[in-house]
Structures are given as structure tokens and as C-alpha cells.
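Observations on the three-dimensional arrangement
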Amino acid sequence: MLWIKALHIIFVISWFAGLFYLPRLFVNHAMISDSATSERFKLMERKLYRFMTPLGVLALLFGIWLWLGYGFTGAWLEIKLVLVGVLVAYHLYCGHLVNVFAENRNRLSHVFYRWFNEVPVLILFIVVFLVVLKP
């Protein structure tokens, strides 16, 4: 089970790297106006989203494996699972935003994306404290 735990942690870290970086690309993309730079951002966003999606799936699968193997219970786990659900929804919304930018339909400002970029940071803090402290 320690191998499963290590793989879960590795894939969570990798997935979060994408969850942190993709919205940052949105911030910068929302601030530019020339088409050549916009096309470069579209390519980067699409490639990153396609790469980070399997990482998120693997993080979830190894997390489920841990849950089934150890049989964790408690309110801390229920809260964590809700937050994981929020992260999955966040990830899927990022995919929607990749399409919005790809179709030149973005109407949101870079300020919105700066705040949007902080959501996974807050969730990460809460989840880490929940897992470590198990209140």
C-alpha cells in the first residue's frame, strides 16, 4: 500500500501543477490582443489540459485504491471528498475555458482569472490539513 500512497501523492502533485499553471495561462491570455500570441496561448492551454487530465484521473484512481485498501472513515474524509469533487469540477471548468479561448469567446478579465487561479491553492491547504490532522 505504500507504493499506492506514493503514486497517489506523485499524481496529485502533478495534477496540481497543471491546476496552478493553466489558470495562470488564462491570466496572461486575457491580457493580450495580438493574434500570434493568442494562438501560442491556445496551443499551450490545449496541450497542458490534455496532459493534466490523465494525471488527475490517476490521482483519483490511486486515491480510491487507498480508500478501499485502508477503509478510511470520518468527517475529515467526507470533507476531503467534497473538496476533491470541487477540484474535479474546477478541472472540467478549466477545460471549458480552454474551449472558450480557442473559439475567441473569452469575455472575462485577467482580474477574474487571477482570483480564479487561487481556488486550487485554498483547496490544497484545506485538504492537506484535513489529511494530516484528521480533525
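My aim in this report is to walk through the structure given alongside it, one point at a time.

What counts, and where the lines are drawn
Residues numbered from 1 in each chain as written. Predicted model: local features only at pLDDT ≥ 70, side-chain atom pairs only at ≥ 80, totals over all residues. Heavy atoms only, no water. Helix = DSSP H or I, 4+ residues; strand = E, 2+ residues; numbered from the N terminus. Expected span 1.5 Å × (residues − 1). Buried < 20%, exposed > 50% of the residue type's maximum accessible area, 1.4 Å probe, protein only. Arc of directions from axis to C-beta. Contact = heavy atoms within 4.5 Å. Core = buried A, V, L, I, M, F, W, Y, C linked by side-chain atoms within 4.5 Å. Polar contact = N/O pair within 3.5 Å; in protein donor to acceptor, adjacent residues only side chain to side chain. Axes fitted to C-alpha atoms, helices over the stretch in contact; angles between N-to-C directions. Parallel < 35°, antiparallel > 145°, perpendicular 65-115°, else oblique. Left-handed = near helix turned anticlockwise from the far one by under 90°. 1 Å grid on protein atoms, 1.4 Å probe; cavity = no way out; pocket = protein on both sides within 12 Å on 5 of 7 lines; lining within 4 Å. Points joined across faces, edges and corners; volume = space filled by probe spheres on them. Nonpolar A, V, L, I, M, F, W, Y, C, P; charged D, E, K, R; others polar.

**Section: helix 5 (residues 119-133)**
- Taking 1.5 Å of rise per residue, the 15 residues of helix 5 would be expected to cover 21 Å, and the 21 Å separating its terminal C-alpha atoms lies within 8% of that figure.
- Here helix 5 has its buried residues at Pro120, Ile123, Val127 and Leu130. One face of helix 5 carries all of its buried residues, which in axial projection span an arc of 95 degrees. Seen from the open side of helix 5, the exposed residues pointing more than 90 degrees away from its buried face are Leu122, Phe125, Val132 and Leu133.
- Once helix 5 finishes, Lys134 follows within two positions and takes phi at roughly 45 degrees, a positive value.

**Some points on unusual backbone geometry**
- At Asn104, a position not held by glycine, the phi torsion is positive, near 55 degrees.
- Phi at Lys134 is positive, roughly 45 degrees, even though this residue is not glycine.
- Mapped onto the elements, Lys134 comes out in the segment after helix 5.
- By relative accessible area, which is 40% here, Lys134 ends up partly exposed.

**Description of the side chain of Ser38**
- Topologically, Ser38 is positioned in helix 2 (residues 35-70).
- Filtering out sequence-adjacent residues up to four positions away, Ser38 remains in contact with His29, Ile32 and Asn104.

**A look at the nonpolar core**
- Core analysis: the largest hydrophobic core is formed by 31 residues, its most contacted members being Leu19, Leu22, Phe26, Cys94 and Tyr113.
- Listed by contribution, the elements that provide at least two residues to this core are helix 1 (2-31), helix 2, helix 3 (75-102), helix 4 (110-116) and helix 5.
- Other than its neighbours up to four places away in sequence, Leu22 contacts Glu45, Leu48, Tyr49, Met52, Cys94 and Val98.

**Some details on the side chain of His91**
- With respect to the secondary-structure elements, His91 resides in helix 3.
- Using a relative accessible area of 6% as the deciding quantity, one classes His91 as buried.
- A polar atom in the side chain of His91 sits 3.0 Å from the side chain of Trp15.
- Excluding its chain neighbours within four sequence positions, the residues that come into contact with His91 are Trp15, Leu19, Tyr49, Met52 and Thr53.

**Looking at the packing of helix 2 against helix 3**
- Axis separation between helix 2 and helix 3 bottoms out at 10 Å; the angle between their running directions is 160 degrees. Judged by the angle between their axes, helix 2 and helix 3 are roughly antiparallel. In terms of crossing hand, the pair formed by helix 2 and helix 3 is left-handed. Taking contact as the criterion, the partners of Lys42, Glu45, Arg46, Tyr49, Met52, Thr53, Leu60 and Trp67 in helix 2 are, on helix 3, Leu77, Leu81, Val84, Val88, His91, Leu92, Cys94, Gly95, Val98, Phe101 and Ala102.

**So, the layout of surface pockets**
- The computed volume of the largest pocket comes to approximately 760 Å³.
- As for the largest pocket, its lining consists of 27 residues, of which His8, Val12, Lys80, Val127 and Val131 are closest to the centre.
- When residues of the lining of the largest pocket are traced back to their parent elements, those giving at least two are helix 1, helix 2, helix 3 and helix 5.
- When residues of the lining of the largest pocket are assigned to their parent elements, the largest contribution, eight residues, is made by helix 1.
- Looking at the lining of the largest pocket residue by residue, the classes come out as 22 nonpolar, two polar and three charged.
- A volume near 160 Å³ is recorded for the second largest pocket.
- If you go around the second largest pocket, you meet 13 residues; those closest to its centre are His29, Ile32, Ser38, Lys42 and Asn104.

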